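# Descriptive structure summary
Now for the letters of each chain:
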Amino acid sequence: MKVIEMNRPLSADNAMTVSLDYDLPEYPEFIEGIRRAPHRESRLSMADKALAISNALRYVHPDHHKLMAKEFAEELETRGRIYGYRFRPAGGLRGRPVDEYNGNCVEGRAIQVMIDNNLDFDVALYPYELVTYGETGQVCQNWMQYRLIKKYLERLTDEQTLVMMSGHALGLFRSHNLAPRVITTNAMMVGMFDSNDSFNRAAAIGVANYGQMTAGGWMYIGPQGIVHGTFNTLLNAGRIKLGVPEDGNLAGKLFVSAGLGGMSGAQGKAAEIAGAVAIIAEVDTSRIKTRYEQGWVSGVAENCEAAVTLAKEKQASMTPFAIAYHGNIVDLLEYIYEHDIHVDLMSDQTSCHVPYDGGYCPQGISFEERTRMLSEDKETFRSLVDRSLSHHFELIVMLHERGTYFFDYGNSFLKAVYDAGEPGICKNGENDLDGFIFPSYVEDILGPQLFDFGYGPFRWCCLSGKPEDLDKTDEAAMNCIDPGRRYQDRDNWVWVRDAKKNKLVVGTQCRILYQDALGRMNIALKFNDMVRKGEIGPVMLGRDHHDTGGTDSPFRETSNIKDGSNIMADMAIQCFAGNAARGMSLVALHNGGGVGVGKAINGGFGMVLDGSERVDGILRMAMPWDVMVGVARRSWARNENALETAAEYNSVFGASDHITLPYIADENVVKEAII
Ligand SMILES: NC(=O)c1ccc[n+]([C@@H]2O[C@H](COP(=O)([O-])OP(=O)(O)OC[C@H]3O[C@@H](n4cnc5c(N)ncnc54)[C@H](O)[C@@H]3O)[C@@H](O)[C@H]2O)c1
């Protein structure tokens, strides 16, 4: 161990063996055509600006402070944040095969694959600003942090844990080989400061990172991650609201929505897989181009008339077809209303968790004007957003009256409309305390049909990077599912059977597959066995935080919890702590997620399968826990399908686990007792 001479002024330089290299990297070139984040809100005082610059300089050797202080000040002024562009490795990043990374344990190398995949030009929304998806969801705050994280992951052994706080690597601490290798938290603000304004200040001075869900949880797998959930939502909406039979699909039905970004980009693909015709409005040409080139939309229309004509043609021939309409969703809905077009299903997936920070482009201005106004005239921009959201709401109400089923798809759209000055969107007509007049997709569809049974967005990445490993895992997963058990199992079985054909991979070789607790555990054990036998390389398991037990969010994941506990965040925190206690390789806990700061607490995990018996043991403990904590909470809230699932779990796992079930009170007994 290095001895520090205490009679000299303490210098970080002689007290650290892990730090950024002394020499400054060359300032990298920015590649034309790569999307760049707009100017972020930062209303900083002079003292705060000084704080932001000295905070960023903590990563840099003092010999370079003069130069870097200027560079950081410039970034703060022009971008609203300090990203430390100089420290970005040159060229494109991508999740490479795990063996190409340095490290002292497979987890240290595997986590680097996941981080780099989150920053891949093809995967990330604003790769230069470390934004993976959801307008503001970052891997970490700046490129100095990225470099430091990599250094620690290269050093990490299986007897240590890396502690991550909002993108900052606090350090490596001794633990043991059954402990997580990385514990990360993002934007966990103290209650009285848990607001967008405080977050924006904290992010601008460099102490808070918006992790969204899998951006800061390092488990993003491109838009594929959301396709399966969107497919499930659309298909089940069809079953519940349009009378589609359990073995039918959405042939001939029209779905209209907005957004072809990171997550929203999945809408067209999911609609096509479900058999529907979709028109998805998108204001940003670059995103339409990306989705079209990836084959995630099948056609592009430059005006409303062309979009609707093409949709009608495809509906008539019952051909699944996703159309990108280049323009504003509000213009499209106006056209649809005026021309009396029947829409079966409707939603929205603009980034309404941050409508005033660029997430929602108001009607009447182009995408380019929106970007300019964000940095030059924020006040006018805000009023345009409010006006557009109000009109958007009005059109939805009118189309709803003509028989369209509208649902909020987890982007805080309903809340944004309310915040824009429309109390009419609230159930009680005054405030959002009793929820909104339109359902959240979880409340009506995903919650009762999937989460209450424990079905959620399980996923895996083949760390070898080999497509043949993904083929083998697809087949093994399919063989673990009994398609005859429930219609959900049949949907999942068909999903994984057709996954390759549907060309879902963007970035590393990953797969999303909704599964319940036991399905996840069985598939995980099977994969670990395949790794042990050398049939495939190591695998990273994970899930979206958006899951049965991973997220407390009253307007989204927990919107179908009706015992009053939807304002509590105990479940997500228990889930995270329990996953850490059981030895998942990476555990993450975030504030915000898809709906914005202060509106959700969510967590996730990453689990590296190295073929060992140690991993078998962790999987048996952790995989059921990760899901059943959510089912147990949902059954305690008296959700019918969760009650059934929890009772079944007690009967199968009674020797080791036990869930408390509620007695159900007779409503009349309760009513009569009220004084
Ligand atoms: N339901 C879920 O499971 C889930 C999961 C992740 C994210 N989300 C939420 O969904 C939202 C979208 O996520 P994303 O990753 O796609 O974000 P994104 O910012 O990458 O994409 C949103 C897209 O909407 C477009 N857009 C904005 N206003 C528009 C308008 N008026 N008309 C047409 N297009 C418009 C933008 O140009 C952008 O391409 C976010 O709020 C996110 O938090 C939901």
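Everything here concerns the structure above.
Residues numbered from 1 in each chain as written. Predicted model: local features only at pLDDT ≥ 70, side-chain atom pairs only at ≥ 80, totals over all residues. Heavy atoms only, no water.

Once that is clear, we can look at the environment of valine 297. Of note, valine 297 is situated in the loop between helix 9 (285-293) and strand 8 (299-301). Separated by 19 residues in the primary sequence, valine 297 and alanine 278 place their C-alpha atoms 9.0 Å from one another. The residues touching valine 297, leaving out its near neighbours within four places in the chain, are Leu260, Arg291, Tyr292, Ala322 and Ala324. (Helix = DSSP H or I, 4+ residues; strand = E, 2+ residues; numbered from the N terminus. Contact = heavy atoms within 4.5 Å.)

Summed over the entire model, instances satisfying the criterion amount to 41 salt bridges. One salt bridge connects lysine 415 with aspartate 432, and the closest N-O pair in it is separated by 3.6 Å. A residue pair is termed long-range when its members are at least 10 positions apart, and lysine 415 in helix 14 (residues 413-419) and aspartate 432 in the loop between helix 14 and helix 15 (441-449) qualify at 17 residues. Here the two residues lysine 415 and aspartate 432 agree in accessibility, since each one is buried. Note that aspartate 516 is salt-bridged to arginine 485, the shortest N-O span being 2.6 Å. Of this pair, aspartate 516 sits in the loop between strand 13 (510-515) and helix 18 (517-532) while arginine 485 sits in the loop between helix 16 (467-480) and helix 17 (487-498), and the two are 31 residues apart along the sequence. Among the ionic contacts, a cluster of salt bridges with common partners joins Glu41, Arg43, Asp357 and Lys378. (Salt bridge = Lys/Arg side-chain N within 4 Å of Asp/Glu carboxyl O. Buried < 20%, exposed > 50% of the residue type's maximum accessible area, 1.4 Å probe, protein only.)

Looking now at the packing of helix 7 (residues 224-241) against helix 8 (residues 266-273). Across the interface, helix 7 lies against helix 8 with an axial gap of 8 Å and an inter-helix angle of 50°. Classified by the interaxial angle, the pair formed by helix 7 and helix 8 is oblique. Two packed elements cross with a definite hand, and for helix 7 against helix 8 that hand is right-handed. Listed contacts from helix 8 to Ile226, Val227, Thr230, Phe231 and Leu234 of helix 7 are Ala266, Gln267, Lys269, Ala270, Ala271 and Ile273. (Axes fitted to C-alpha atoms, helices over the stretch in contact; angles between N-to-C directions. Parallel < 35°, antiparallel > 145°, perpendicular 65-115°, else oblique. Left-handed = near helix turned anticlockwise from the far one by under 90°.)

All chains considered together, the criterion is met by one disulfide. Its sulfur unpaired, cysteine 352 is 11 Å from the next cysteine sulfur, which belongs to cysteine 361. (Disulfide = S-S within 2.5 Å.)

Neighbouring the ligand are 34 residues, the closest being Ser264, Glu282, Ser351, His353 and Gly594. A distance of 2.9 Å separates an oxygen atom of the ligand from a polar backbone atom of methionine 263. A distance of 2.7 Å is found between an oxygen atom of the ligand and a backbone nitrogen or oxygen belonging to glycine 594. Coverage of the ligand by the protein amounts to 99% of the 850 Å² it exposes when considered alone. (Near = heavy atom within 4 Å. Polar contact = N/O pair within 3.5 Å; in protein donor to acceptor, adjacent residues only side chain to side chain. Areas by Shrake-Rupley, 256 points an atom, 1.4 Å probe, with all protein chains shown as cover.)

Turning our attention to the environment of aspartate 482. In this structure, aspartate 482 sits in the loop between helix 16 and helix 17. Classification of aspartate 482 by relative accessible area gives partly exposed; the value is 47%. Residues aspartate 482 and arginine 201 lie 281 residues apart in sequence; the distance between their C-alpha atoms is 51 Å. Polar side-chain contacts of aspartate 482 include one of 2.8 Å to the backbone nitrogen of glycine 484.

What follows is about helix 18. Here helix 18 is 16 residues long and its end C-alpha atoms lie 23 Å apart, about the 22 Å a rise of 1.5 Å per residue gives. Where burial is concerned, most of helix 18 is hidden: 12 out of the 16 residues are buried. Along helix 18, the residues classified as buried are Ala517, Gly519, Arg520, Met521, Ile523, Ala524, Leu525, Phe527, Asn528, Asp529, Met530 and Val531. Residues of helix 18 that are buried in the fold lie against strand 12 (456-462), helix 16, strand 13, strand 14 (539-543), strand 17 (601-609) and helix 20 (613-636). Residue glycine 534 follows helix 18 closely and has a positive phi angle near 75°. (Expected span 1.5 Å × (residues − 1).)

Nonpolar side chains in soluble globular proteins tend to be buried together. Ranked by size, the top nonpolar core spans 142 residues in total, and within it Trp460, Phe527 and Leu541 carry the most contacts. Not counting the four nearest positions on each side in its chain, leucine 541 is found in contact with Met219, Phe458, Arg459, Trp460, Ala524, Phe527, Phe605, Gly606, Met607, Leu609, Leu619 and Met623. (Core = buried A, V, L, I, M, F, W, Y, C linked by side-chain atoms within 4.5 Å.)

A few words now on the pairing of strand 6 (residues 254-258). Most of strand 6 is tucked away, with five of its five residues classed as buried. Side-chain alternation along strand 6 places Leu254, Val256 and Ala258 on one buried face and Phe255 and Ser257 on a second face that is also buried. As judged from the five bridges shared by strand 6 and strand 7 (residues 277-282), these two strands associate in the parallel manner. By the bridge assignment, alanine 258 is partnered in strand 7 with alanine 281. With helix 8 bridging strand 6 and the parallel strand 7, this β-α-β connection has right-handed handedness. For strand 6 and strand 10 (residues 345-346), the ladder comprises two bridges, and the chain directions are parallel. (Pairing = 2+ DSSP bridges. Right-handed = clockwise from strand over helix to strand, strands pointing away.)

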